[in-house]
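# Architecture at a glance
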Amino acid sequence: MTSSTSFTFRDNLLYSIWDKVRSGERLSKEDALALYASDDLIGVGRMANEVARAKSGDSVYFVLNRKLEPTNICVLSCKFCDFAVKPDSPEAYEMTIAEMLSKLRPDLHEVHITGGLHPKWPWEFYIDMVRTIKTQFPNVDVKAFTAVEIDYFSKKFKKSHEQVLRELQEAGLRTMPGGGAEVFSERVRKELFKQKIGAKTWFDVHKTAHRLGIQSNVTMLYGHIETIEERVEHMLRVRECQDETNGFLSFIPLAFQPGNTGIKTRNDFTSAIDDLKTIAVSRLMLDNVPHIKAYWVMLTAEVATIALNFGADDMDGTVGEERIAHDAGAISPMELAKGKLISIIHDAGKLPVERDIWYNPITIYPKPEWSVVSKMPYLNSVPFYNSFPDYSTVVKLVPLAPRVFGKLAEQGSVAAGPMSLRDYMTMSDDFERLDYGVAVKGKANSVLLFSKFDWAELAGKRICISAETSTSVELLRVLLEKRFGISDYLFHRYDKSNPSHSYKDYDAVLLIGDEALQKAYGGGLTGFDKVFDLAEEWCTWKGMPFVFAVWVIRKVTPETARKEIVESLERSLTNSADHFGEFGREHGAKVGMSEAEVSDYLSQFRYRFSIDEHAAMAEFEMEYESLTSNDRIAMSDKRIAKQSISF
Ligand code: V47
C-alpha cells in the first residue's frame with residue numbers, strides 16, 4: 001500500500017477504518033458491518049482497490065478454462081439449486097468420459113469439474129475421468145470436486161477424506177474449487193440445504209486438502225435469505241482457516257440467481273451496489289487471501305468490469321458452457337472469448353494477465369500504449385513502489401518473481417523493473433541499466449541455503465532450487481564451484497505441480513524472498529539444521545556487496561512512460577527512507593517478523609548504487625563467465641538432460 005495514500009471520504013466513519021487498513025491492522029466484525037452500512041460506496045471501493053493494488057499491482061488475472069458438469073443428477077434437493085434433478089427427470093443427463101474429452105482443447109490451462117452427487121457412478125469412474133483428462137491434455141490442470149462431493153465420495157466409497165483426496169491427486173487433481181460453502185450459517189443451512197454438509201465438514205475437507213498440497217478456493221453464496229452479519233461471519237471463518245493453512249488461492253462471492261428456486265421472485269437479482277460492496281468488503285476483510293474473484297457468470301460482465309476497481313483482481317476465465325447459474329436464470333453469456341475478457345480488463349484500466357491454476361503468469365496483454373513495470377513481490381522491494389501513481393494511463397505494474405520477469409522480458413512484454421542480475425547480463429542489448437537495485441553487503445536474510453551438510457560435504461548431493469530464482473541459483477553455483485571447489489552436485493528445480501515433490505527428500509534447499517524470510521524467522525526448515533546466507537558467504541569471500549537485482553528499462557520505452565517510471569522510482573525511494581517502521585507494521589505479520597525486525601531487514605539493503613555495487617557486479621560477472629567458459633555448460637547440460645528441468 002502507498003503509505004502516503006490519503007482519501008477524502010463522504011462517510012467520516014471510513015477514516016478510522018482506512019487508518020487501520022493502511023497500517024496493516026486487521027479489520028473487525030464491527031468494521032465490516034460499518035463498511036456494509038456505509039453509503040459511501042466509492043470510498044469503500046477505493047480502499048479495496050488500493051489493497052488489491054498492493055497485492056497484485058494493476059494486474060487482473062484470467063485463465064483459459066472450461067467448466068465441466070458431468071451430470072446434473074443429484075441425490076440432494078437443495079432449495080436454492082435449479083441445476084440438480086432426479087434420475088427420472090426428462091432434463092437429466094450423464095456424460096461419458098469421451099463426451100467430456102470432446103469439450104476440451106489443448107490450449108486450455110484449467111478444467112473446472114463439479115456436478116451433481118450421482119447415485120450410481122462408481123469410484124473408478126471419477127479416478128478414470130481425472131486420469132484420462134490429464135493424460136490426453138497434459139497442459140490442462142484439473143480443478144475438481146467441491147468439499148460436498150469429496151465428503152459424498154468418502155461416505156459412499158468408505159474412504160477417509162484424506163484417502164479420497166490422495167487418490168484423486170495421484171490421478172491428476174491439482175486444486176479444488178470453492179463451491180459448496182454457501183453461507184457458513186446453521187440457520188441458513190437448516191432452511192435452504194439441510195441435507196448438505198455444514199461448515200465444520202467443509203473446512204475439514206479443505207484443511208485436509210491444504211495439508212496434502214492441494215490448494216483451493218472458497219465461495220460465498222449471497223443475496224438470498226442470509227443476513228449481512230452472516231456474510232461477515234462467513235468471511236471471518238475463512239480468514240481464520242487461512243491463518244492456519246494458507247491454502248486458499250481466491251475468495252469468490254457468488255451472487256444468487258433466483259431462477260425457479262422460489263426463494264426470491266424470478267427477476268429479483270442482487271443489485272450492482274450490493275455486488276460491488278460485497279467484493280470490496282471481502283477484499284478489505286480477507287487480508288490473508290491472495291485473490292478476490294469477480295465471477296462474471298453470476299455478476300454479468302458489466303458489473304464484473306466495475307468490480308475490477310472495487311478490489312477484485314481475477315475474472316475466472318473463458319468458462320465455456322455453464323449450467324448451475326444458467327439453469328437458475330443467469331443473464332450472462334455461457335462463454336467469454338479470450339479477446340472479450342482482455343477487452344473487459346482493459347476497459348477497467350487494468351492489465352490482463354493470463355495465468356495458470358496457481359496464478360503463475362503465462363502471458364501479459366498490455367494495451368499498445370502501456371509500459372509494464374515488474375513489481376518484485378518481496379518485502380525487500382517494497383520501498384521501490386510506494387509512489388507509482390494510481391490510475392496511470394501509461395505505466396502498469398505486475399507482480400513477477402525474478403525468474404518469471406526474466407522470461408516475460410525476453411518475450412518483450414515488460415518494459416522495466418528490478419531485473420535479476422543474471423538476466424540483465426544476457427539482455428543488456430535491449431535494456432538500459434539504472435542506478436537502482438537490490439544489493440547488500442553482508443547478510444541478506446532472504447537468500448538462504450538450508451542444508452543437512454556443511455559446504456565441504458555438499459559434493460555429490462541433491463540440492464532443491466526455489467522455482468523463483470534466477471541470480472541466486474547462479475550465485476550458489478559460483479560459491480560451490482569457485483569458492484568451495486565442489487563441481488559434482490545436482491540441482492533440481494522445485495516443481496509445485498508435482499505433488500510428490502517435497503523439500504525433505506533433498507540434501508539442501510535454496511529459498512529466496514519471503515519464503516526464505518518466513519522460514520528464517522519462523523524457526524528454520526525442519527530437518528535442515530544448517531543455514532547459509534549466500535550474500536554473507538560472497539561478502540566473506542570477496543569483501544564486496546552482492547547485487548541481486550538491478551533496475552532496467554527497455555531502450556525503446558516511450559519518453560512519457562520512461563519519465564514516469566524514473567520519477568516514480570526516485571520519489572518512492574525518497575519517501576520510503578523514513579518509513580521502514582511503517583512497512584514493518586504493514587508487512588511484518590505476513591512473514592512472521594516484528595516491526596523492528598522488518599525495519600532492520602530493510603535498512604541493510606542498498607537501493608541506490610554507487611561504485612561499490614558496480615565493482616561487485618563486474619566481479620560476479622567475471623566469476624560467472626569463467627564458470628561458463630570452463631565446465632558449467634557441459635555439466636549443467638548433462639544434468640538438465642538427465643532431469644529434463646530447464647534452468
Ligand atoms: O456451490 C447454486 C452456487 C456453486 C445457485 O472455485 C448458485 O474457482 C447462484 O462453486 N445462484 C458452484 N449460485 C459454483 C462454484 C464456483 C464458481 C466459479 C468459480 C469457482 C472456483 C467455483 O454455485 C455452488 C452454489 O453455491 N449456486 N445455485 C444459484 N441459483
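Sequence order sets the numbering: in each chain, residues are counted from 1 along the sequence as written. Totals for whole chains, interfaces and linings use every residue, but because this is a predicted model, local features are given only for residues with pLDDT of at least 70 and side-chain atom pairs only at 80 or more, for both listing and counting. To obtain the side-chain values, all non-hydrogen atoms of the structure were included, while hydrogens and water were left out.

### Let's talk about the site of the ligand
Counted only if it meets this: Definition of nearness: a residue and a molecule or strand are near each other if at least one heavy atom of the residue lies within 4 Å of the molecule or strand. Pairing of N or O atoms within 3.5 Å defines a polar contact, subject to two protein rules: one partner must be a possible hydrogen donor and the other a possible acceptor, and residues neighboring in sequence count only if both atoms are side-chain atoms. Elements are defined by DSSP. Helices are runs of H or I of four residues or more, strands are runs of E of two residues or more, and each kind is numbered from the N terminus. When residue character is reported, Ala, Val, Leu, Ile, Met, Phe, Trp, Tyr, Cys and Pro are called nonpolar, Asp, Glu, Lys and Arg charged, and the others, Gly included, polar.
Lining the immediate environment of the ligand, one finds 22 residues, of which Lys143, Gly178, Gly180, Glu182 and Lys293 sit closest. Within the side chain of Glu182, an N or O atom sits 2.3 Å from an oxygen atom of the ligand. Within the contact set of the ligand, an oxygen atom lies 2.7 Å away from a side-chain nitrogen or oxygen of Lys293. Among the elements of the structure, strand 6 (215-222) and strand 7 (248-255) are those that each provide at least two residues to the shell around the ligand. Grouping the amino acids of the shell around the ligand by side-chain chemistry returns 11 nonpolar, 7 polar and 4 charged.

### Looking at the pattern of salt bridges
The following threshold applies: The term salt bridge refers to a side-chain nitrogen of Lys or Arg lying within 4 Å of a carboxyl oxygen of Asp or Glu. Buried means the residue's accessible area, taken with a 1.4 Å probe over protein chains only, is under 20% of the maximum for its type, while exposed means over 50%, and partly exposed covers the values in between.
Enumeration over the complete set of coordinates arrives at 40 salt bridges. Between Asp19 and Arg22 there is a salt bridge, and its shortest N-O distance comes to 3.4 Å. Highlighted residues: Asp19 and Arg22, both in helix 1 (residues 13-22), separated by 3 residues, approximately one helical turn. Accessibility expressed as a relative area gives 43% for Asp19, which makes it partly exposed. Between Arg26 and Asp243 there is a salt bridge, and its shortest N-O distance comes to 2.8 Å. A residue pair is termed long-range when its members are at least 10 positions apart, and Arg26 in the loop between helix 1 and helix 2 (29-37) and Asp243 in helix 10 (residues 228-245) qualify at 217 residues. For Arg26, a relative accessible area of 31% gives the class partly exposed.

### Topic: helix 15 (residues 338-347)
An α-helical segment advances 3.6 residues per turn. Residues three or four places apart therefore align on the same side. Among all positions in helix 15, only Leu341, Ile342, Ile344, Ile345 and His346 are buried. Phi for Gly349, located one or two positions after helix 15, is positive at around 75°.

Keep in mind these numbers describe shape, not what the thing actually does.
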